[in-house]
Amino acid sequence: MALLEIMLAGAPVLRANAEKVTRFDKKLGKLLDNMAETMYAAEGCGLAAPQIGLSKRIIVIDAGKGIQEFINPVFKFKEGSCTNVEGCLSVPDYEGEVERAEFVGVEYKDRKGNTKYVEADGLLAIALQHETDHLDGILFIDKASVIMPKEKEEQQ
Ligand code: CO
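Thresholds applied
Residues numbered from 1 in each chain as written. Predicted model: local features only at pLDDT ≥ 70, side-chain atom pairs only at ≥ 80, totals over all residues. Heavy atoms only, no water. UniProt positions renumbered as here; feature names shortened; annotations may be inferred. Helix = DSSP H or I, 4+ residues; strand = E, 2+ residues; numbered from the N terminus. Rg over C-alpha atoms; globule rule 2.2 N^0.38 Å. Buried < 20%, exposed > 50% of the residue type's maximum accessible area, 1.4 Å probe, protein only. Contact = heavy atoms within 4.5 Å. Areas by Shrake-Rupley, 256 points an atom, 1.4 Å probe, with all protein chains shown as cover. Pairing = 2+ DSSP bridges. Polar contact = N/O pair within 3.5 Å; in protein donor to acceptor, adjacent residues only side chain to side chain. Donors = N, O, S within 2.8 Å, 3.2 Å for Na, K, Ca; no water. Expected span 1.5 Å × (residues − 1). Phe/Tyr/Trp six-rings, centres within 6.5 Å; stacked < 30°, edge-to-face > 60°.

- An unreviewed UniProt entry lists the protein under the name Peptide deformylase 1, from bioreactor metagenome.
- Taken verbatim from the UniProt record of the protein, the Sequence similarities (unreviewed entry) comment is "Belongs to the polypeptide deformylase family."

Right, here's the structure in full:
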């Protein structure tokens, strides 16, 4: 496995509309493994392919239940609303309050190309919306009602 370079805000790839995945091959599996490793190394809970410079509709998330992979995700419903503080590995110095749907249903493909469906709330619902925005060239700073410098954790 390998760590991939994370693109920072300002990189054009973060503003592009990412392409659907059409080939579900070994290369895709390797990419997903590398994305997960990169996300964990950066201590993030989600990573979208544009963030590693690849304009494809691929997301990895760990919302507390281990790694989850979502390819070509499409929202089937979004309900309710909640506001939470979000950060982003591509905007490392800031965080912001963002309003999102509270409950979502998402259809997606797994790494083998099988169609799957998940309903989510809590952190997974938020992460799915944040990461899917990356596939459409949207960053949380575009949607945040409040943006603030990220507080550095105190070194003890
Ligand atoms: Co992000």
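This is not the end of the story, as more comes after the structure.
## Some details on the overall build of the protein
Turning to step 1, where the next piece is worked out: Regarding its fold elements, the protein presents 3 helices and 8 strands.
Turning to step 2, where the next piece is worked out: Ordered by position from N to C terminus, the α and β elements of the protein give α-β-β-β-β-β-β-β-α-α-β.
Turning to step 3, where the next piece is worked out: Computed over its C-alpha atoms, the radius of gyration of the protein comes to 15 Å, within 12% of the 15 Å expected for a compact globule of 156 residues.
Turning to step 4, where the next piece is worked out: Structurally, the protein occupies a C-alpha span of about 40 × 35 × 30 Å along its principal axes.
Turning to step 5, where the next piece is worked out: Evaluated residue by residue, the protein yields a buried proportion of 42% over its 156 residues.
Turning to step 6, where the next piece is worked out: Of all intrachain contacts in the protein linking residues separated by at least 6 positions in sequence, the fraction that spans at least 24 positions is 66%.
Turning to step 7, where the next piece is worked out: Of the accessible surface of the protein, which amounts to about 8700 Å², a share of 48% is contributed by carbon and sulfur atoms.

## Some details on the pairing of strand β5 (residues 94-100)
Turning to step 1, where the next piece is worked out: In this structure, strand β4 (residues 82-86) lies alongside β5, joined through 5 bridges in antiparallel fashion. Note on β5: the bridge partner recorded for Glu86 is Gly96.

## With respect to the pairing of strand β7 (residues 115-120)
Turning to step 1, where the next piece is worked out: With 6 bridges joining them, strand β6 (residues 103-109) and β7 adopt antiparallel strand pairing. Looking at the pairing, Val106 lines up with Val118 of β7.
Turning to step 2, where the next piece is worked out: Hairpin connection, β6 to β7: the antiparallel pair is bridged by 5 residues, and Gly113 has positive phi, about 95°.

## Concerning the side chain of His130
Turning to step 1, where the next piece is worked out: Mapped onto the secondary structure, His130 falls in helix α2 (residues 122-135).
Turning to step 2, where the next piece is worked out: Of note is the side chain of His130, whose polar atom sits 3.3 Å from the side chain of His134.
Turning to step 3, where the next piece is worked out: Among all residues touching His130, those that are not within four sequence positions of it are Glu86, Gly87, Cys88, Arg100 and Phe140.

## Overview of the coordination of the cobalt ion
Turning to step 1, where the next piece is worked out: Each protein donor to the cobalt ion is listed here as Cys88 (SG), His130 (NE2) and His134 (NE2); together their distances run 2.1 to 2.2 Å.
Turning to step 2, where the next piece is worked out: Sequence spacing of the donor residues for the cobalt ion, all on one chain, is C-x41-H-x3-H. With Cys88 in the loop between β4 and β5 and His130 in helix α2, this pair connects stretches of sequence that are 42 residues apart.
Turning to step 3, where the next piece is worked out: Judged by relative accessible area, which is 6%, Cys88 ranks as buried.
Turning to step 4, where the next piece is worked out: The class for His130 is buried, based on a relative accessible area of 7%.

## As for helix α1 (residues 26-41)
Turning to step 1, where the next piece is worked out: With 16 residues, α1 should cover 22 Å at 1.5 Å per step; its first-to-last C-alpha distance of 23 Å lies within 8% of that length.
Turning to step 2, where the next piece is worked out: Regarding α1, the residues found buried are Leu28, Gly29, Leu31, Leu32, Asn34, Met35, Ala36, Thr38 and Met39.
Turning to step 3, where the next piece is worked out: Each element contacted by the buried residues of α1 is listed here: β1 (46-48), β2 (58-61) and β3 (68-79).
Turning to step 4, where the next piece is worked out: Positioned one or two residues after α1, Glu43 has a phi angle of 60°, which is positive.

## Considerations on the packing of aromatic side chains
Each aromatic ring pair is characterised by the separation of its centres together with the angle its planes make.
Turning to step 1, where the next piece is worked out: Scanning all chains against the criterion turns up 1 aromatic pair.
Turning to step 2, where the next piece is worked out: Centre to centre, the rings of Phe70 and Tyr108 are 4.7 Å apart; their planes meet at 65°, and the pair counts as edge-to-face. Taken as a pair, Phe70 in strand β3 and Tyr108 in strand β6 lie far apart in primary sequence, 38 residues in all.
Turning to step 3, where the next piece is worked out: By relative accessible area, which is 1% here, Phe70 ends up buried.
Turning to step 4, where the next piece is worked out: Overall, the relative accessible area of 13% leaves Tyr108 in the buried class.

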